[in-house]
Each structure stands twice: as C-alpha cells, then as structure tokens.
Amino acid sequence: MPTTKTERLGIKISDDVVRVRQLTRMLSVEVGLGLVDQTKVVTAASELARNTLDYGGGGEVIAEIVEQGGRRGVRLTFEDKGPGIADIEQALKDGFTSGRGMGLGLGGAKRLCNEFSIVSAPGTGTKVTIARWK
Amino acid sequence: MAAQAGSDVASLVSNNEKTILPEWVELQKKAGILHTGRISEGELQAQSKNFLHLLHEALTQGGTDTTGAAFEPARGMLADLSRSRAQQGFSPSETATFIFSLKRPLFNALNRDNTLSAEQIASTVWTSTALLDELGLFTLEIFQKSREEVIVRQQREIAELSTPVVKLWEGILALPLIGTLDSQRTQVVMENLLQTIVDSEAEIAIIDITGVPTVDTLTAQHLLKTVAAARLMGADCLISGIRPQIAQTMVHLGVELNVISKASLADAFAVALRQTGRAVVKTKRIEGFALPEKKSGGQGA
Ligand SMILES: Nc1ncnc2c1ncn2[C@@H]1O[C@H](COP(=O)(O)OP(=O)(O)OP(=O)(O)O)[C@@H](O)[C@H]1O
Ligand SMILES: [Mg+2]
C-alpha cells in the first residue's frame, strides 16, 4: 500500500507524548478525517505513545499517510526495544495493568482504530501498528 | 598541514583585523541585525571584536580543530552569544549570521593579499570555510538547546499560572481546565482545587474540560483521582464541557467517570445551584421582555 508521507518522532520523555498527539492530529486533518475520527486516532496514539514510554522504556513512532484503493488513512507504528509483552492476550484485556494504570490503553486503542496489530516477545521489544481510514 | 592551515588563517586575521572588523560589522548591520531592536551597535561592535580576537588566539595556539581546547574560549563566547540571542527572541538565522557573515570579509582580505600563492589562497579559503561552518553549526546547536530550555521554563510557568479555581457562588467552585493534563500540571491543579475547597468550604466543584483536547486513560485517571479526593474533602464534583467527540472516544476507550456530567458549564452551574437549594429566576424588569405574571414563578427576585 503506497505511503505518501512519513514522519518519525522519538518518544523519550513525557512531552514527546504531546508531540505524538499533535503530529497525529496534523496528519488526520491532512487526510480529511472528521472530528470524531481525529479524536479517536489521536487518543489511541496517546495511549500507545505512553505505553512505549512507560513500559517500553522509550522508542519511536513512524507516522504515515497511506493510500489504498482510493482511500486515504493514517498509519502509526510504535516501536520500542523494551522488555516486550509475554502474554499479549492478557495485556489486551480491559483492566489488566502491570503498572498503576487503568489497564484500558491497549484494548482501547484497538477499539478506536480500523486496524490494529501487535508484535511482541520477551526480550525483543514491542511493535504496535494502528491505522484509521477515511 | 592542519597546523599550517590554521596559522595561515590566523595571520590572515591578525594582518587584516583593521579591515575585517568594520566590514564584518557592516555586513551584519546590512543583514538587519540592528533593526531587531534587541541589540545596540555598541554591543554588536564589542561582540564582533571580541570574537575576532578569540578566534585569532585559538588559531595561533591550536590549529583548526574547533572542538579542541584552544577553541574553548571562542566556543564559550559563542555559546553565551547564542544563549542570550535565543532568550532575546532572535531567529536562528539572525543568530547564525554572526558567524556566517564573517566569511566575506575574510575572503576579501585574502583577495587583497598579493603575497600568497594560488595554492595558499585555495587552502586558506577551504580551511576558513570549514572552520566557520563548524562554528556556525555550533552556534545553532546552542541556540536550539537554549530555545528548548526556554520552552521547558515556560511550560513550568504555565503549569503554575493556568489553573485558577474560580468561585461561582457561595459554596460552588469551578475549575476550567485548558490544555494537556499529563505532566506535573495535574498535580498542581489538583492541590489547588483541594486547597480552595477547604478554604472556601465549598460543597460543589465543577471541573470544566471544554479546553482539554484529548481525554485518554491517564487524563481520565487524573480526573477520577481529583473527584475522589474532592469527595474526601466534603465536596461533590460535576464535570462539564465533555464535547461529543470526546464522549464517543471515552466510550470506546472504556473509561467511565462516575460523576454527573453536563454539556456546558452553564448547565452544570444550574445543577449545582439546584443541589444547594437555589434557583435562578427571570425577573420582569427588562423592558419588552416582561414575562406573563403567572409564569414568573420561583422564589421571587
Ligand atoms: N510497549 C510495551 N512494552 C511492554 N509492555 C507493555 C507495552 N505496552 C503495554 N504493555 C503491557 O500491557 C499492559 C496493558 O497496557 P494498557 O495500555 O492496556 O494498560 P496500562 O498502560 O497499564 O494502563 P492505561 O493505559 O489504562 O493507563 C501494561 O500494563 C504493560 O504490562
Ligand atoms: Mg497504557
């Protein structure tokens, strides 16, 4: 699927989460997402960026505008080289947290997007990809 | 080779200081540096003279390695200059012009010198270009860092400033939240609200999130904690200003704020008044808008 624009952002400190949200908002507007969809994907991005920071020990996001069959969308890939997730199903369950969160971020991000995939294994880090189509 | 090149540039500077300095200052003025109104001609003159002197010292002592010890004083001076320009609101290019505009006067001096071989001229041009480029980039790096420091400081100031708790009525407070709710700000907001609840013996606090662009799980958690803490201080919270797109997102996210929420601050205020045994009634006084007698019920004006 062709990519028409790619941006990268490091996620190292909590201000970077704000930057990820702003970038996501900007790309969503560019793609022409409505206000509700913009808010959804920005919120999902916020959740994943904070997980990358808090559990992954920092990482980066690749934000893209993608096109497929005449449709445009925003795709975000969050990647870290942290401890990884041993039990992905458990991590996705509402209410599960290994920290002091609400345990809703990962599952919530999945519900807020059209596409969601997660690749993670202990010791190799975590990669979460989401997309929201217009 | 490097040492030779360095001393070539050094003697170029020292032999031509009298022409380089005024030409350089003139170029900076032409670039409009004084029009910014942030620096006086005297300061510009002093800074330029000082740098030229330090550059000469560095070149004589240590060749052309701008990261070396010999360049320490010159780098220190440039760092101070970049920092102060960043704080004074100069643009990056206005700041970098200080160094880059030195090229022309140097090359002019080189052209005027007819004792040099073509080879010497070429190597001196190359050395001084590389040198000034490095120093120019150094200037930009410091500039950037200082801008970031300014931003961090401003964020801290905003965190303290932008969290006013306002009294709407006897016993009713409002906390209009604006902007991002992560970072240290939430802590300040929360403490501020709780303290005001205690000080004013408030019964109801309305948290208005019209100005919060995103409510994610962290924001929701902060809100819930604030509501719980307020309850412990004896005050009930209402939340207002949840915009439709935020409400929908919160449903998908699965967060519930178990408090009464209203679309607008005005609606929440009406609820708060009712809960504290008060009501707002229209009076007949506005001419042309008088209500029929029997409809103007309530407790009287
Ligand atoms: N990038 C990651 N690296 C390692 N573990 C992760 C990562 N992202 C999530 N996890 C694990 O998955 C769990 C669930 O994540 P989720 O975002 O749903 O909840 P949370 O971050 O704990 O709380 P919330 O997001 O609701 O504030 C986390 O507690 C953590 O153990
Ligand atoms: Mg999370």
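Owing to the predicted nature of the structure, the values given are computational and were not obtained by experimental measurement.

(A) Here's a closer look at the nonpolar core. Residues A:Leu76, A:Phe78, B:Leu177, B:Ile207 and B:Ile209 are the most contacted members of the largest nonpolar core, which totals 62 residues. Ranked by the residues each element gives to this core, the list is headed by helix H2 (residues 35–54) of chain A, at 6 residues. With 32 residues, the next largest nonpolar core counts B:Ile20, B:Ile39, B:Leu59 and B:Leu135 among its residues.

(B) Region of the structure containing the site of ligand 1. In the vicinity of ligand 1 there are 19 residues, among which A:Asn51, A:Tyr55, A:Thr97, A:Ser98 and A:Leu104 approach most closely. Neighbouring residues of ligand 1 are not confined to a single chain but are spread across chains A and B. A:Tyr55 has a polar side-chain atom sitting 2.7 Å from an oxygen atom of ligand 1. One of the side-chain N or O atoms of A:Asp80 is found 2.9 Å from a nitrogen atom in ligand 1. When ligand 1 is considered free in solution it has 590 Å² of accessible area, and contact with the protein chains removes 93% of it.

(C) Up close: the confidence of the model for chain B. Residues at a pLDDT of 70 or more form 91% of chain B, whose mean pLDDT is 88. The ipTM value of the predicted complex is 0.94, and its pTM value is 0.69.

(D) A look at empty space enclosed by the protein. All names here are of chain B. Scanning the model with the defined rule gives 1 cavity of 30 Å³ or more in all. The computed volume of the largest cavity comes to approximately 60 Å³. Lining the largest cavity we find Leu 175, Leu 177, Leu 181, Thr 186, Val 189, Ile 207, His 222, Leu 223 and Thr 226. At the level of secondary structure, the elements contributing two or more residues to the lining of the largest cavity comprise strand E2 (172–178), helix H8 (185–200) and helix H9 (217–232). Sorting elements by how many residues they give to the lining of the largest cavity places H9 first, with 3 residues.

(E) Up close: the sheet that holds strand E4 (residues 115–121) of chain A. All names here are of chain A. As summarised here, the arrangement of the 5 strands in space is E1-E2-E3-E5-E4, forming an open sheet in which the pairing is antiparallel. Edge positions in the open sheet fall to strand E1 (3–11) and E4, since each of these has one partner strand only. Neighbouring strand axes in the sheet, compared pairwise and without regard to direction, differ in orientation by 10° on average. Sheet topology places strand E3 (residues 71–80) next to strand E5 (residues 125–133); 8 bridges connect them, and they run antiparallel. If you follow Phe 78 over to E5, its bridge partner there is Val 128.

(F) Just the interface of chain B and chain A, in detail. On the side of chain A, 23 residues touch chain B, which itself brings 21 residues to the contact. Between chain B and chain A, roughly 1,800 Å² of surface is buried when both sides are summed, and carbon and sulfur atoms account for 54% of that area. Taken together, the connections running from chain B to chain A amount to 2 salt bridges. The salt bridge involving B:Asp216 is made with A:Arg50; its shortest N-O contact spans 3.1 Å.

(G) Representation of helix H2 (residues 17–30) of chain B within the structure. Residue and element names in this part refer to chain B. In a regular helix each residue adds 1.5 Å, so 14 residues correspond to 20 Å; H2 covers 20 Å between its end C-alpha atoms and thus fits that length. All of the buried residues in H2 are Ile 20, Leu 21, Trp 24, Val 25, Leu 27 and Gln 28. Considered in projection along H2, the buried side chains sweep an arc of 160° and stay on one side of the axis. Those residues of H2 that are exposed and aimed more than 90 degrees away from the buried face are Lys 18 and Lys 30. Two residues or fewer past H2, Gly 32 is found with a positive phi of approximately 95°.

Quick notes on the rules
- Residues numbered from 1 in each chain as written.
- Chains lettered and ligands numbered in written order.
- Predicted model: local features only at pLDDT ≥ 70, side-chain atom pairs only at ≥ 80, totals over all residues.
- Heavy atoms only, no water.
- Core = buried A, V, L, I, M, F, W, Y, C linked by side-chain atoms within 4.5 Å.
- Buried < 20%, exposed > 50% of the residue type's maximum accessible area, 1.4 Å probe, protein only.
- Helix = DSSP H or I, 4+ residues; strand = E, 2+ residues; numbered from the N terminus.
- Near = heavy atom within 4 Å.
- Polar contact = N/O pair within 3.5 Å; in protein donor to acceptor, adjacent residues only side chain to side chain.
- Areas by Shrake-Rupley, 256 points an atom, 1.4 Å probe, with all protein chains shown as cover.
- pLDDT = per-residue confidence, 0-100.
- 1 Å grid on protein atoms, 1.4 Å probe; cavity = no way out; pocket = protein on both sides within 12 Å on 5 of 7 lines; lining within 4 Å.
- Points joined across faces, edges and corners; volume = space filled by probe spheres on them.
- Pairing = 2+ DSSP bridges.
- Axes fitted to C-alpha atoms, helices over the stretch in contact; angles between N-to-C directions.
- Contact = heavy atoms within 4.5 Å.
- Buried area = accessible area lost by both parts, 1.4 Å probe.
- Salt bridge = Lys/Arg side-chain N within 4 Å of Asp/Glu carboxyl O.
- Expected span 1.5 Å × (residues − 1).
- Arc of directions from axis to C-beta.

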